[in-house]
Amino acid sequence: MFWMKLWSRLEKIWLCWKMSDRSRRILVSGLSGQVDREKTRLKMEINRTAAALEAQGCLSPLSAQQCRISNRKWSRHLSRDAFPVRSRPCCRSGYSLQNAGSPVEVTEEPQTKASLRPPSFPVSQWVVVSHIVNPAHFYIRYLAKQNERKTLTRKIRVLSSREESRFTVTDTVEIGTLVLVQLKEEIWGRAKVLKVSGKVSVRSGRACPAAQMTSVKVFIMDQGDVKVLCFLSEEEEEYSPESLLKAVNVQMRKVNPIAVTELSRFAPQAVRCSLKDVVPYDEVKGWCKESYEGFRRVLGSAAVEMKPLGQDRDALLVDLRKTPVDQSSNPPISVQEYLISINAAKFYCPMASHRKPKLYNPAASPAINTELSAVVSHIYHPTHFYIRLVDDVEYLLLTAALQDYYNRADEDVHVYCPVTGQACVAQSDDELWYRAQVIGFVADRMVEVLYVDVGNRKVLSVCELRKMKEDFFVLPVMAICCFLSAVLPLDGEVWTEACTRRFISLAHQQLVTIIVTGVLPTAKPLPVQLLHSDTSRPPADIAELLVKEGLASYRKERCISSDIFPLQVEDGSAMWDAPLSASAGVNPLLPQTSRGEKEEFQLQLPACLKDLKVRVCHVNSPGSFYVRLSRNDSQLKRLCELLKQQYEGSEPRSESWSSDRFCAAHVNGLWERGRICSIAVDDTAEVFCCDYGNKMKLHISELRPLQPSLVGSLTLECLLTGIRPAGGAASWTATACDFTSYSLTGAEATMTAEELTAERPFPVSLSCLNSVGQLVSVADILTNEGLALRHTKPRELDVVKPEQDNSHSPSDPPLPRSPATSSLAPKPAPRTKLSAQKVKTALYRHPEFLCLGGVKALICAVRDDGVIFCRTQDAERQLQRLQVHINQTMSTWPTPQLYTWSSVQGCVVIGADMEWNRGEILEVLNGYLTVCYVDHGWVETIPAGHVYPMMLCDEIPQLCMPCKLIAICPVGGQWQSDAVALLKEMMAQRSVLLHVMELPADPRGSVTADVFLDGLSLGVILCHFKHAIRDESLTAPQGHFGTSGVLFLDDWDIDTEGLQEPEGRILGPFIGPSLPLVGDQFEVKVKHLLTPNKLFLWPLEGSTDECVDAQSLDEALDNMDVEALLPPHSFPPGGPCLAEYCDGAFYRAKLINFTSLEPITMMVQHVDFGSYDTLPPSKLRQMPVELMRFPVQALKVHVRGFKPPRVNQQGAVLPYSPSWSLNALQEMVQLLHGRVSALVLDCEPQLAVLLFDEEHHLIHLPLVSSGLAELD
């Protein structure tokens, strides 16, 4: 250790002696004075800059986002007024004070690793498949990186040809080591060692000496394949280490640490990919040889088009399309569809457990004992048929809308990967489109669907399904599943074919009168009585006709019972205990034990549904939560004990489980009652906990058959009445669901309901105690939090009551009834007359078009059909005044009423931001309106309650002007979704230059124009991304073109005669420094400070002596003839140059940007120190090629261990980093005196270190102790 320190001291003395006389004089005599002068200058410059900024109001408290936006502004301001402070760059002493207080760096370091994250919208790229394992595991290479691959190949060829790259006897090859392997003759590639084998293995096969290595298995990083290199054949039993080492060097070369750093700057050229939503045709056997051959055959060796669709861990999920040779007649070939067509693969779309397909709203159940007219739409048998109420006029509008939309829909509405329960649209036998739902999979790519508005089922191919448009979810299911409540089959089990045919002849597609006779859960068929409507004779009961003809028999119990839900008696009230005459005093609703005793393990609501004490068990949303009566807590406890006695220690049995079957489930060590919802292919069942309301995923080994006497439930599904989702949405937001679940789950509450209905969820009002013990309504809490809105009361309906028949007096005995109708008391349906206020409004005035020529405009919206809406600067100012006037006029919410929206055109709309805007009604749906904001261009579908049929400021024309691009035609004749997504991302709220080419003949038509973004035509951008093509036949005549600041440049007659090519050549970027390894500790020289924890430094040992051709960078700068160098002829951002510092010397720098045009000044960064300067072009020189060979001699690091304080109490702050104070920066300058050493903690994504002083203490501890920083 002593000799090493002595040698270090002698080396430093020798370096100082080697310096020039001027440098040695500055180092010896002027070091201390320079430190004091620089500190004083630093304080003066920072204080002067801060005072100037404070006088301008720039140092007011800013949010973090505003500070980030203003970073560039601050950096320009400081660099213009103050020079960065640092020592003379040629001083190599580790004891000199380096610069501080410079603004943050403007440019970012280049990324060294390839990112697999797909773009925000799918962008197709041309690739070549380099290696195939199977369709779910293959590697591609981008054609756009061909130049990078050539550069990498040349660099690898140079590295492999060096003598130091050959293996020696002392070298050892380990697993994971980066090596170079010979791919072809004179072609080498990067590879990672996966496995090594040798005559003598070391460390269990993870490493082997190079002289004893017989074979090695490597992964080619730039191709994606795995290769095995054999250096000794099996026949060769005798070998020598020299011969084996020679064979190794023929096929493989080692890579030294410096070369590893150079090669790490190139990302692996082979990217792992997988075809999205494709699985083997036979999932048991996996990918077969036919799949591999078919995949390789369709790809070949040509380039294919790849569209990234997602990411799965380290692989991109993509779709490949191969373009045929004859593109005019043959469309591109989809690799996915090709593999499926040859039965080598099939589609698969897994259904996540937390995401379920959107379902239709359930059909509204008719009122009990009320006569309604209906049409029997489909019949399976008398206890399974579907009806549709005839007073649903909206069904006719829905059918017409379905035909209109799907007859002209494009390819985007196809369903490729359906799941069970998914809503869709499909054609029936009459070739009309109907709403449907997938209920099962029959065969390969064949599904069974249920037409929810008719009731019939059909097996279709997946290609015949269409996606459901969001607007068609508004109406509930129209087909209501029913069964005849009064009859049973003759044998009590199966209906005969004769009975079914007779029932079809009587009721199918016939107008009938129905009477609902009971209440069952929503998922169960509805018990009804069917009366055949015939004007020639009184209505006949169809069930009675079937009994008279001997095709059916009456039920013994005339009342429909349920395991969970109450009975309904004639007056419509709930009957929770059966009458004494029924079953000898035993309630048929309750399960019976062997001794006839009743088990109280079912929900029984009292007659009075007011102020019931309940406990909230589970919450899905404010529209679906489960409660349990508090008085049933003891019953639940006894039930749990009974289940534990019967099923504890029981072994699982082989059972055929099915949906809707009750079971005993073992959940978290306890036995509970459950009902199976679904069963997956991996023997996992989704179980609904009957006594708690939640759902669990359990293996079938945790289930046991439940005894019939224990079947039931103690929970009731409810919803909060009087409120609806905020914002006009049809469903509750995730915030509202989370807030309700957090507030109510497990809480005790008071529940009140107006009357018992068959509706599920059950509408109730819920109240809980707040923090001060007051009873508050949960609906009020959600409304106050802004998560819900109050239901507005509709207009009262004029009800025409039927005239009473007084032909019979109350004293007359009742007329005898038939057996099928004796237990029912039908009430005729009341006739309702709905009156709506007739309102008629006109359209707002069309926008005022501009003159031909160029004008600046703001893009405010892009419609799905590619129409662009923009506003001029004058329209922007007029819109601000208009908004103030509208908000003053519409200060209160108008009273909601019913209007005839078909005659309304102009209106006012309140959006999600609760601001009123002028609008125009485009389409009228069921309770919803599609409106267009005429001053913004937005189009959305909102509830009718958010629209008011009134025109405001109708004398002001529309401020938003529609535009279409000139001579630009979308690919395929209409704008695709990815093209519209690109337009919205580029154009949203962006200021552009609009060149009006042609005015429309229709005042409400679109203006033909060309749009320029930063001087580049939008049409050129769309054509570049292959979203559109240019049609020269649509180009406007020469006389219609307007003159503008960009277009008339093409008309200039510029004389280029005598002009010469610029002298010199454009140089590339600087060579990056070699990064230290994690864990290295070394002495450093701090060169520049940005903030106390962000600075530039350089090691004092090793890297400082890097020489090129036996010459260091300082020597090359000293030997340079500056007078012979020319000023730069071009100023590209990041371009290298020589910049003059305040000491009169020139140092290497790179151009950042122009800071001023009067006079011309540029910002540069000294790459070997990290500081910034603002210089005129006269102080810049062209960079000699010889100086580009030296790597950058400054490392930008982040100092770990401390961070800015949360509360800054030190007064003035750094303007470019307001979280740090000036005192903290000055204190850090003081701490950097003396010897400083660094310990490397991390190299990715930014070099992170810990700094230590001479006594090996963390250098930032004084900052923390003085309150200028906090520990991180």
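Quantities reported herein were computed from a predicted structural model and do not represent experimental measurements. (Residues numbered from 1 in each chain as written. Predicted model: local features only at pLDDT ≥ 70, side-chain atom pairs only at ≥ 80, totals over all residues. Heavy atoms only, no water.)

S.K.: I keep staring at the overall build of the chain and nothing clicks. Help me out?
M.R.: Along the chain, the regular secondary structure elements total 22 helices and 72 strands. Split into buried and exposed, the 1272 residues of the chain put 43% on the buried side. For the chain, restricting intrachain contacts to residue pairs at least 6 apart in sequence, the fraction spanning at least 24 positions comes to 66%. (Helix = DSSP H or I, 4+ residues; strand = E, 2+ residues; numbered from the N terminus. Buried < 20%, exposed > 50% of the residue type's maximum accessible area, 1.4 Å probe, protein only. Contact = heavy atoms within 4.5 Å.)

S.K.: Hey, could you run me through the side chain of E1270 in this one?
M.R.: Checked against the element boundaries, E1270 lands in strand β72 (residues 1270-1271). A residue is classified by how much of its surface remains accessible, and E1270, at 19% relative accessible area, is buried. At a separation of 3.1 Å, a polar atom in the side chain of E1270 contacts the main-chain amide nitrogen of R1206. Every residue in contact with E1270, bar those within four places of it in the chain, is listed here: G1201, F1202, K1203, P1204, P1205, R1206 and V1264. (Polar contact = N/O pair within 3.5 Å; in protein donor to acceptor, adjacent residues only side chain to side chain.)

S.K.: Looking at this structure, I do not really get the pairing of strand β55 (residues 991-998). What am I missing?
M.R.: Put simply, side chains in a regular strand alternate between the two faces of the sheet. Here strand β46 (residues 853-862) pairs with β55 via six bridges, running antiparallel. Looking at the pairing, G853 lines up with V996 of β55. The sheet contact formed by β55 and strand β56 (residues 1007-1013) spans five bridges and is antiparallel. Residue pairing in the sheet places L994 in a bridge with V1011 of β56. (Pairing = 2+ DSSP bridges.)

S.K.: Hey, could you run me through the packing of aromatic side chains in this one?
M.R.: Aromatic ring pairs: the centre-centre distance and the angle between the two ring planes describe each pair. The final tally for this structure, using the stated rule, is 19 aromatic pairs. With a centroid separation of 5.8 Å and an interplanar angle of 35°, the aromatic rings of Y406 and W433 are classed as tilted. A residue pair is termed long-range when its members are at least 10 positions apart, and Y406 in helix α11 (residues 394-406) and W433 in strand β19 (residues 433-443) qualify at 27 residues. A relative accessible area of 5% places Y406 in the buried class. Here Y626 and F688 contribute two aromatic rings whose centre-to-centre distance is 5.4 Å and whose plane-to-plane angle is 50°, an arrangement assigned as tilted. With Y626 in strand β32 (residues 624-629) and F688 in strand β35 (residues 684-689), this residue pair connects regions lying 62 residues apart in the sequence. Among the residues examined, F688 registers a relative accessible area of 8% and is labelled buried. A network of ring pairs unites the aromatic residues Y405, Y406, W433 and F472 as a single cluster. Cation over ring: K358 sits above F473, and NZ or CZ is 4.8 Å from the ring centre. The aromatic ring of F1169 is capped on one face by K1087, whose charged end is 4.7 Å from the ring centroid. (Phe/Tyr/Trp six-rings, centres within 6.5 Å; stacked < 30°, edge-to-face > 60°. Lys NZ or Arg CZ within 6 Å of the ring centre and 35° of its normal.)

S.K.: What is the right way to read the sheet that holds strand β71 (residues 1248-1252) from this model?
M.R.: To summarise the sheet geometry, strands pair through backbone hydrogen bonds and adopt either a parallel or an antiparallel arrangement. Taken in spatial order, the five strands close into a barrel running β59-β60-β66-β71-β70, and their pairing is mixed. Ignoring which end each strand starts from, the neighbouring axes of this sheet average 55° apart. Note: strand β70 (residues 1236-1242) against β71, five bridges, orientation antiparallel. Within the sheet, the bridge partner assigned to D1242 lies in β71 and is A1248. (Axes fitted to C-alpha atoms, helices over the stretch in contact; angles between N-to-C directions.)

S.K.: Looking at this structure, I do not really get helix α6 (residues 146-161). What am I missing?
M.R.: Two residues of an α-helix separated by three or four positions point the same way, owing to the 3.6 residues in each turn. With 16 residues, α6 should reach 22 Å at 1.5 Å per residue; the first-to-last C-alpha distance of 23 Å fits that figure. Residues of α6 that are buried: R149, L152, I156, L159 and S160. Along the axis of α6, the buried positions cluster into a sector of 90°, meaning they face one direction only. Opposite the packed face of α6, turned more than 90 degrees from it, sit the exposed residues N147 and S161. Looking at the buried positions of α6, the neighbouring elements they touch are β2 (137-142), β4 (178-184), β5 (187-198), β9 (252-254) and α8 (257-263). (Expected span 1.5 Å × (residues − 1). Arc of directions from axis to C-beta.)

S.K.: In this structure, what is going on with the confidence of the model for the chain? I would like to understand it.
M.R.: Any segment with low pLDDT has predicted coordinates that should not be analysed in fine detail. Per-residue pLDDT for the chain averages 77, and the proportion of residues at 70 or more is 77%. Between residues 57-121, whose pLDDT stays under 50, and residues either more than four places distant or in other chains, the model counts 148 contacts. Every residue in residues 1036-1051 scores below 50 in pLDDT, and together they form 21 contacts with partners more than four places removed in sequence or on other chains. (pLDDT = per-residue confidence, 0-100.)

S.K.: Whenever I open this one, the environment of S658 confuses me. Can you help?
M.R.: Summarising the element assignment, S658 is placed in the loop between α14 (633-647) and β33 (662-667). Placed 21 residues apart in sequence, S658 and I679 show a C-alpha to C-alpha distance of 7.3 Å. Setting aside its immediate chain neighbours within four residues, S658 contacts I676 and I679.

S.K.: Help me out: how do you make sense of the sheet that holds β4 in this one?
M.R.: The antiparallel open sheet is built from five strands, whose spatial order is β8-β7-β5-β4-β9. Only two strands of the sheet have a single neighbouring strand rather than two, namely β8 (226-230) and β9. Strand-to-strand twist across the sheet, computed as the mean angle between neighbouring axes with direction ignored, equals 40°. The pairing of strand β7 (residues 213-220) with β8 spans five bridges and is antiparallel. Pairing of K217 across the sheet is with V228, part of β8. Lying over the sheet, α6 contacts β4, β5 and β9, oriented at roughly 55° with respect to β5.

S.K.: How should I be thinking about the pairing of β5 in this particular structure?
M.R.: One ladder, built from six bridges, connects β4 with β5; its direction is antiparallel. Paired with L180 across the strands is R190, a residue of β5. Hairpin connection, β4 to β5: the antiparallel pair is bridged by two residues, and E186 has positive phi, about 65°. Examined bridge by bridge, β5 and β7 share seven bridges and lie antiparallel to one another. Directly across from V196, in β7, lies its bridge partner V216.

S.K.: When you look at the nonpolar core in this model, what are you seeing that I'm missing?
M.R.: L1089, L1095, V1249 and L1251 are the most contacted members of the largest nonpolar core, which totals 32 residues. Top element by residues in this core is helix α21 (residues 1222-1231). It accounts for six residues. Among residues more than four places away in sequence, those in contact with L1095 are V1086, H1088, L1089, L1090, L1195, K1196, V1197, V1199 and L1251. Counting 30 residues, the second-largest nonpolar core is a separate cluster that includes L629, I723, L787 and A788. (Core = buried A, V, L, I, M, F, W, Y, C linked by side-chain atoms within 4.5 Å.)

S.K.: Just checking my understanding: could you explain the pattern of salt bridges for this structure?
M.R.: Any two side chains of opposite charge can pair, so long as their charged atoms come close to each other. Applying the stated rule across the entire model yields 32 salt bridges. For D171, the salt bridge identified is with K254, shortest N-O distance 3.0 Å. Highlighted residues: D171 in the loop between α6 and β3 (172-174) and K254 in strand β9, separated in sequence by 83 residues. D780 is the partner of R790 in a salt bridge, and the nearest nitrogen-oxygen pair spans 1.7 Å. (Salt bridge = Lys/Arg side-chain N within 4 Å of Asp/Glu carboxyl O.)

S.K.: Got a minute to help me understand a nonpolar patch on the surface in this structure?
M.R.: There is a patch of nonpolar side chains on the surface, built from F1154, L1157 and I1160 and spanning about 300 Å² of accessible area. Among the residues examined, L1157 registers a relative accessible area of 64% and is labelled exposed. (Patch = residues over 30% accessible without salt bridge, like charges linked within 9 Å, V, L, I, M, F, W, Y side chains within 5 Å. Areas by Shrake-Rupley, 256 points an atom, 1.4 Å probe, with all protein chains shown as cover.)

S.K.: What is the right way to read the side chain of S713 from this model?
M.R.: Along the chain, S713 falls in the loop between β37 (703-705) and β38 (716-720). Of note is the side chain of S713, whose polar atom sits 2.6 Å from the backbone oxygen of C690.

S.K.: Is there a simple way to explain the environment of V1199 in this structure?
M.R.: Assignment of secondary structure puts V1199 in strand β66 (residues 1195-1199). Using a relative accessible area of 0% as the deciding quantity, one classes V1199 as buried. Each C-alpha atom, one on V1199 and one on K1094, is 6.2 Å from the other, the two residues being 105 residues apart in sequence. Once you skip the residues sitting within four places of it in the chain, V1199 turns out to touch N1093, L1095, V1249 and L1251.

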